Amino acid sequence: MQYDILIIGGGAAGFFAAINAAEMDPGAKIAILERGKEVLSKVRISGGGRCNVTHAEFLPKELVKNYPRGEKELRGPFHQFMTGDTIAWFEERNIELKIEEDGRMFPVSDTSETIINCFLSEAEGLKIQVRKSEAVKTLHWKDSHWEVGTQKSTLSASKILIATGSNPKIWKLLEKLGHSISAAVPSLFTFNIKDNRIADLPGISTHAEVKVQGEKLQDEGPVLITHWGLSGPAILRLSAWGARELHDLDYNFNVEVNWLPGFSSEEILEQLKVLKFELAKQQVFKKAQFELPKRLWQNLVTASKIEGNITWADLNKDELLRLAQQLTAAVFQVNGKSTFKEEFVTAGGIDLKEVNFKTFESRIQNNLFFAGEVLNIDAVTGGFNFQNAWTGGYLAAKAMTS
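The rules behind the values
- Residues numbered from 1 in each chain as written.
- Predicted model: local features only at pLDDT ≥ 70, side-chain atom pairs only at ≥ 80, totals over all residues.
- Heavy atoms only, no water.
- Helix = DSSP H or I, 4+ residues; strand = E, 2+ residues; numbered from the N terminus.
- Buried < 20%, exposed > 50% of the residue type's maximum accessible area, 1.4 Å probe, protein only.
- Contact = heavy atoms within 4.5 Å.
- 1 Å grid on protein atoms, 1.4 Å probe; cavity = no way out; pocket = protein on both sides within 12 Å on 5 of 7 lines; lining within 4 Å.
- Points joined across faces, edges and corners; volume = space filled by probe spheres on them.
- Nonpolar A, V, L, I, M, F, W, Y, C, P; charged D, E, K, R; others polar.
- Pairing = 2+ DSSP bridges.
- Axes fitted to C-alpha atoms, helices over the stretch in contact; angles between N-to-C directions.
- Phe/Tyr/Trp six-rings, centres within 6.5 Å; stacked < 30°, edge-to-face > 60°.
- Lys NZ or Arg CZ within 6 Å of the ring centre and 35° of its normal.
- Polar contact = N/O pair within 3.5 Å; in protein donor to acceptor, adjacent residues only side chain to side chain.

Draft legend 1. Up close: the overall build of the protein. If you tally the helices and strands in the protein, you get 13 helices and 21 strands. Seen through its principal axes, the protein has C-alpha atoms that stretch 85 × 40 × 35 Å. Across the 402 residues that make up the protein, the buried fraction comes to 56%. For the protein, the share of sequence-separated contacts (at least 6 apart) that also reach a separation of at least 24 residues comes to 73%.

Written as structure tokens, this is what we have:
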């Protein structure tokens, strides 16, 4: 079977590249090879089944800040195709996207099936072959074309796009072609913590500053207490930016939480001394201060070894110091991680120096292109990983058909 373009990987990046290539070159013979029985499975579960298509950030230099790996490389591509282009692309196909409070963008229908059905009907209309249960076993350049062996057949193509995500078998084939691969490690995970200060508080969320002791890793934002420990945007960003460092620590480390970001222990100690006089007759335990959730405040008071019935006036110097410490520098021991919902993201993939980001073509092999997470690019949660898939898929399609 001979093709002009073969797309290996039937996910978001693969379909987007195939559809755009077929539109740019209507005569091209294009096929998508998918090793599984279903295509677009990650799209289906994204955003809790709603598909977090992209993020409402419209400046390339701001958008790239959400990519722990790929920040520098994506700046140019985002000037060519980014959020506004994604929104327009779907609108042209009668799919309207909406912006949620946190900037995430979803189809108005609130179901990922809208995106999947769009891709499938576009592919069908453009006569793109979708070949399921065709895992690629061999890949090599022979007599001015690519030869691809699957368990079912041997195919040839002038150009190939790899959009297989974190697939170690494909990475091995690419290594044989001369590419370097950064080993995959998890990114976007929550911290497993067993600690009395948070054990009975699942569901409570508050703004905090978090940093990993002994590493240059810190973030600030909403922190969510869960049954397993700590999660929320600040923790997830920390896990993404520190994916390699935390993997090297075997996910055993201390995280320091400042529940009152922007304030130091010394500053809070001074404020506590003021409260000691202003609220002299009130019990410390009963009423939360600094707009903290009440039960979190009470647990931090208990952790400071302050008796439940003690009044502000009766607090001694050591108790004030301990409370200031718990409020601004509470240390929690992390033992392990949990995957964040179904959104399993890994850091790792093709070394970015080996890719031309104007075209997403390999610098090592001509007529070999990449898009999506097969590259060593990953993002924080919020629709950014899909935006990378759309941008790479579009620019690769343009290069493959020009």
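Draft legend 2. Here's a closer look at the layout of surface pockets. By volume, the largest pocket is sized at about 950 Å³. Taken together, 48 residues make up the lining of the largest pocket; nearest its centre are G11, K42, T164, G165 and S166. Contributions of two or more residues to the lining of the largest pocket are made by α1 (12–24), α2 (41–49), β7 (136–142), α7 (168–176), β18 (345–350) and α13 (384–401). Looking at the lining of the largest pocket, its residues break down into 20 nonpolar, 18 polar and 10 charged. Taken as a whole, the second largest pocket encloses approximately 600 Å³ of empty space. Forming the walls of the second largest pocket are 27 residues, and the residues nearest its centre are G232, P233, L236, F340 and T381. Of all the secondary structure elements, the ones that give two or more residues to the lining of the second largest pocket are α2, β13 (217–225), α8 (233–241) and β17 (337–339). A total of three residues in the lining of the second largest pocket trace back to one element, the largest contributor, which is α8. In terms of residue class, the lining of the second largest pocket is made up of eight nonpolar, 14 polar and five charged.

Draft legend 3. Seen up close, the sheet that holds strand β5 (residues 104–107). Ordered in space as β3-β5-β4, the three strands form an open sheet in which the pairing is antiparallel. Each of the sheet's edge strands pairs with one partner strand only, and the pair in question is β3 (54–55) and β4 (97–99). Bridge analysis of β4 against β5 gives three bridges, and the strand direction is antiparallel. Bridge pairing in β5 links L97 to P107.

Draft legend 4. View of the pairing of β13. Here eight bridges tie strand β12 (residues 205–212) to β13, and the two strands are oriented antiparallel to one another. Bridge assignment links V212 to a residue of β13, and that residue is L217. Joining the antiparallel neighbours β12 and β13 is a turn of four residues, in which G214 adopts a positive phi near 85°. Pairing geometry for β13 and strand β14 (residues 229–231), over two bridges, is antiparallel. Directly across from L224, in β14, lies its bridge partner S231. In sequence, β13 turns back onto β14 through a hairpin of three residues.

Draft legend 5. Inspection of the environment of T114 at higher detail. Tracing the backbone shows T114 in helix α6 (residues 113–125). Look at T114 and you get partly exposed, because its relative accessible area is 22%. Spatially, the C-alpha atom of T114 lies 42 Å from that of D195, the residues being 81 residues apart in sequence. In this structure T114 touches I95, P107 and S109, once residues within four positions along its chain are discounted.

Draft legend 6. Representation of the sheet that holds β17 in the model. Across the sheet, seven strands lie side by side as β16-β15-β12-β13-β14-β11-β17; this open sheet has antiparallel pairing. Strands with a single pairing partner mark the edges of an open sheet, and in this sheet they are β16 (330–335) and β17. Adjacent strand axes in the sheet meet at a mean angle of 40°, parallel and antiparallel pairs treated alike. Along the sheet face, helix α12 (residues 317–328) touches β15 (252–258) and β16 and points at about 110° away from the line of β15.

Draft legend 7. Inspection of the side chain of N192 at higher detail. By the secondary structure assignment, N192 is in strand β11 (residues 189–192). If sequence neighbours within four positions are ignored, N192 has contacts with W228, Q333, V334, N335, G336, K337 and S338.

Draft legend 8. Highlighting the packing of aromatic side chains. Tallying each qualifying case throughout the model produces 22 aromatic pairs. For the ring pair F90 and F119, a centre distance of 6.1 Å and an interplane angle of 35° mean the geometry is tilted. Of this pair, F90 sits in helix α5 (residues 83–91) while F119 sits in helix α6; the two residues are 29 residues apart in sequence, bridging distant segments of the chain. The burial state of F90 is the same as that of F119; both residues are buried. Relative to W390, the ring of F386 lies with its centre 5.4 Å away and its plane at 15°, an arrangement referred to as stacked. Separated by four residues within a single helix, F386 and W390 lie in helix α13, roughly one turn from each other. For W390, a relative accessible area of 0% corresponds to the buried category. Through successive ring pairs, a cluster of aromatic residues spans F15, F16, F81, W89, F90, F119, F386, W390 and Y394. We note R50 situated over the ring of F106; from NZ or CZ to the ring centre the distance is 3.7 Å.

Draft legend 9. Structural context of helix α11 (residues 294–303). Of the residues making up α11, those classed as buried are L296, W297, Q298, N299, L300 and V301. Directly beyond the C-terminal end of α11, a positive phi value near 60° is found at K305.

Draft legend 10. Structural context of the environment of E220. Residue placement: E220 occurs in strand β13. In this structure the C-alpha to C-alpha distance between E220 and H55, which are 165 residues apart in sequence, comes to 19 Å. Residues contacting E220, with those up to four places away along its chain left out, are H207, A208, E209, A234, R237 and P261. Polar side-chain contacts of E220 include one of 3.1 Å to the side chain of H207.

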